[in-house]
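A closer look at the structure
Spelled out, the chains give:
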Amino acid sequence: MAVKTKQAEAQALPLNTIVPGDCIEVMRSLPAASVDLIFADPPYNLQLKGDLHRPDNSRVDAVDDHWDQFSSFAVYDAFTRDWLAAARRILKPNGAIWVIGSYHNVFRLGAELQNQGFWILNDVVWRKSNPMPNFRGKRLTNAHETLIWAGKEENSKYTFNYEALKAMNDGVQMRSDWMIPLCTGHERLKDENGDKAHPTQKPEALLHRIILATTNPGDVVLDPFFGTGTTGAVAKMLGRDFIGIEREEAYRKVAQDRIDRTRRLDASALEVTGSKRAEPRVPFGNVVERGMLRAGEELYSLGSRHVARVRPDGTIVGNDVKGSIHQVGAHLEGAPSCNGWTYWHFKRDGRLIPIDILRQQIRAEIEADERPAH
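Notes on the structure follow. (Residues numbered from 1 in each chain as written. Predicted model: local features only at pLDDT ≥ 70, side-chain atom pairs only at ≥ 80, totals over all residues. Heavy atoms only, no water.)

**Looking at the overall build of the protein**
Keep this limit in mind: Only DSSP runs of H or I with at least four residues qualify as helices, and only runs of E with at least two residues qualify as strands; both kinds are numbered from the N terminus onward. Here, two residues are considered to be in contact whenever any of their heavy atoms come within 4.5 Å of each other.
When helices and strands are counted, the protein shows twelve helices and 14 strands. Sequence separation of at least 24 residues holds for 68% of the intrachain contacts in the protein that already meet a minimum separation of 6.

Put into structure tokens, the structure is as follows:
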């Protein structure tokens, strides 16, 4: 019954489609709890009072479009309250949202996220390596934007592909300050007149990192302010489904052309480094009770500097120290901690083999048992 309901909801969702119209009305029309992730780049409400010029008096192509104009902070706050409420309704219980903004609006966005019950997980500083200078010389160069990542609720079991991000960052834990250039050159989309198709087009690198980090292949990513379709293009490439909402016809046309040109990666190319936390937990005692190692059998550290003996309850004893494979290994090495699975080895045919091989065998059996039958 649950499978049928899921299939019905999937059919009701306009997957891989750019939906025309007001984002609040469209989101209200979608099934509740049907979307895995929302990426939102709402209007900045820049409150520009006139044209902006460079020192040579040339005009800056700033964000002065009608969709960024609100008569007051109160009107903008009401708009924010309504679209976030609509967004929260369609998020799955373990779903999450990313919103991006500048100093003009991000603090108002953050407050409203908390007002509505979202649970903020991180704020990320997108540091632009090529920011537009402050032409008047009256303020600091505005060289960053802020992203807020939040779960639907405090206890949401949101997706976070920690190991994949760490691998992307040369094996170092990913930080919350991201150096990514503005969208320029061949990536910057142009209209029929050769002008910017959209004033605030986001770089694909930014969305690549977000979607890779916080979704899995087959997840549904919704963007209520779709613009020229960066979210949709990256989602398609990474094997996710997308829903775009955009009221401006010119933007929809550019976005659709862009997505049509985007190639979806093969399933084999979508695999990323998995989280060790997601793997089934296997106590060393399971190895002993399954007879993969026998009580009384000896374990050796690499190089055989230390030897320990297996006990029936899954603990080991070495140099009169008793405890888990981790505790004994740490004590013998005089270290604060030790990964016993990689530290200890058993002998077979004169060769030392890490006991982690046995853990992996058990995990493979568990995963095979959990796989649905066809």
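Structure's up, so let's keep going.
**Some points on the nonpolar core**
Note that soluble globular proteins tend to have their nonpolar side chains buried in a common cluster. This is how the line gets drawn: The definition of a nonpolar core used throughout is a set of buried Ala, Val, Leu, Ile, Met, Phe, Trp, Tyr and Cys residues joined through side-chain atoms within 4.5 Å. When a residue's accessible area, from a 1.4 Å probe over protein chains only, is under 20% of the maximum for its type it is buried; when over 50% it is exposed; and in between it is partly exposed.
By size, the foremost hydrophobic cluster in this structure holds 31 residues, and its most contacted members are Met27, Ile38, Trp83, Ile97 and Leu222. For this core, the secondary structure elements donating two or more residues are helix 2 (23-29), strand 2 (35-40), helix 3 (73-90), strand 3 (91-101), helix 4 (106-115), strand 5 (144-151), strand 7 (220-223) and strand 8 (241-246). With sequence-adjacent residues up to four places away left out, leucine 222 is seen in contact with Met27, Leu30, Val35, Leu37, Ile38, Phe39, Ile90, Ile243 and Ile245. Membership of the second largest hydrophobic core comes to 28 residues, among which are Phe39, Ala96, Trp178 and Ile211.

**Considering the pairing of strand 13 (residues 344-348)**
Cut-off, in case you're wondering: We call two strands paired when DSSP finds no fewer than two bridges between them.
The pairing of strand 9 (residues 298-301) with strand 13 spans two bridges and is classified as antiparallel. Of the residues in strand 13, the one forming a bridge with tyrosine 300 is histidine 345. Pairing geometry for strand 13 and strand 14 (residues 351-354), over four bridges, is antiparallel. The partner of phenylalanine 346 across the bridge, within strand 14, is isoleucine 353. Here strand 13 hands over to strand 14 after two residues, with aspartate 349 in that stretch at a positive phi of 55°.

**Some points on the packing of helix 3 against helix 4**
For the record, the criterion: Only C-alpha atoms enter the line fits that serve as axes; for helices the fit covers just the stretch in contact. Angles between N-to-C directions range over 0 to 180 degrees. Any angle from 65 to 115 degrees is called roughly perpendicular, while one under 35 is roughly parallel, one over 145 is roughly antiparallel, and all others are oblique. Helix crossings get a hand from a simple test, with the near helix turned counterclockwise from the far one by less than a right angle marking a left-handed crossing and a clockwise turn marking a right-handed one. Three classes are used: nonpolar for Ala, Val, Leu, Ile, Met, Phe, Trp, Tyr, Cys and Pro, charged for Asp, Glu, Lys and Arg, and polar for all others, with Gly counted as polar.
At their nearest, the axes of helix 3 and helix 4 sit 10 Å apart, and the two run at 45° to each other. Here helix 3 lies oblique to helix 4, going by the angle between them. Once helix 3 is placed against helix 4, the crossing between them reads as right-handed. Together, Phe73, Tyr76, Asp77, Thr80, Arg81, Trp83 and Leu84 of helix 3 and Arg108, Leu109, Glu112 and Leu113 of helix 4 make up the contact between the two elements. Of the residues in the contact of helix 3 with helix 4, the class split is six nonpolar, one polar and four charged.

**Side note on the pairing of strand 2**
Most of strand 2 sits out of view: six of its six residues are buried. Relative to strand 3, strand 2 runs parallel, the two sharing five bridges. By the bridge assignment for strand 3, isoleucine 38 is matched with isoleucine 97.

**Re the sheet that holds strand 11 (residues 316-318)**
The sheet built from six strands is open, its strands ordered 12-11-10-9-13-14 with antiparallel pairing. Only two strands of the sheet have a single neighbouring strand rather than two, namely strand 12 (321-323) and strand 14. In this sheet, adjacent strand axes meet at a mean angle of 35° when their direction is disregarded.

**Describing the packing of aromatic side chains**
What counts is decided by this rule: Each Phe, Tyr or Trp ring (for Trp, its six-membered ring) is paired with any other whose centre lies within 6.5 Å, and the angle between the two planes then decides the class: stacked below 30 degrees, edge-to-face above 60, tilted in between.
Scanning all chains against the criterion turns up eleven aromatic pairs. Geometrically, the ring pair formed by tyrosine 76 and phenylalanine 79 is tilted, given 6.4 Å between the ring centres and 50° between the ring planes. Linking tyrosine 76 with phenylalanine 79, this pair stays in helix 3, spanning three residues, or about one helical turn. Given the relative accessible area of 0%, tyrosine 76 is considered buried. On the basis of relative accessible area, phenylalanine 79 is assigned to the buried category, the value being 16%. Relative to tyrosine 158, the ring of tryptophan 149 has its centre 5.4 Å away and its plane inclined at 85°; by these criteria the two rings are edge-to-face.

**Quick word on the sheet that holds strand 8**
In space, the eight strands of this open sheet follow the order 1-8-7-2-3-5-4-6, with mixed pairing throughout. Whereas interior strands pair on both sides, the edge strands pair on one side only; in this sheet they are strand 1 (17-20) and strand 6 (177-179). Pairs of neighbouring strands in the sheet enclose a mean axial angle of 20°, with direction left out of account. Across four bridges, the pairing between strand 1 and strand 8 is parallel. Bridge pairing in strand 8 places valine 19 opposite isoleucine 245. Docked against the sheet, helix 3 engages strand 2, strand 3 and strand 7, running at close to 145° with respect to strand 3.

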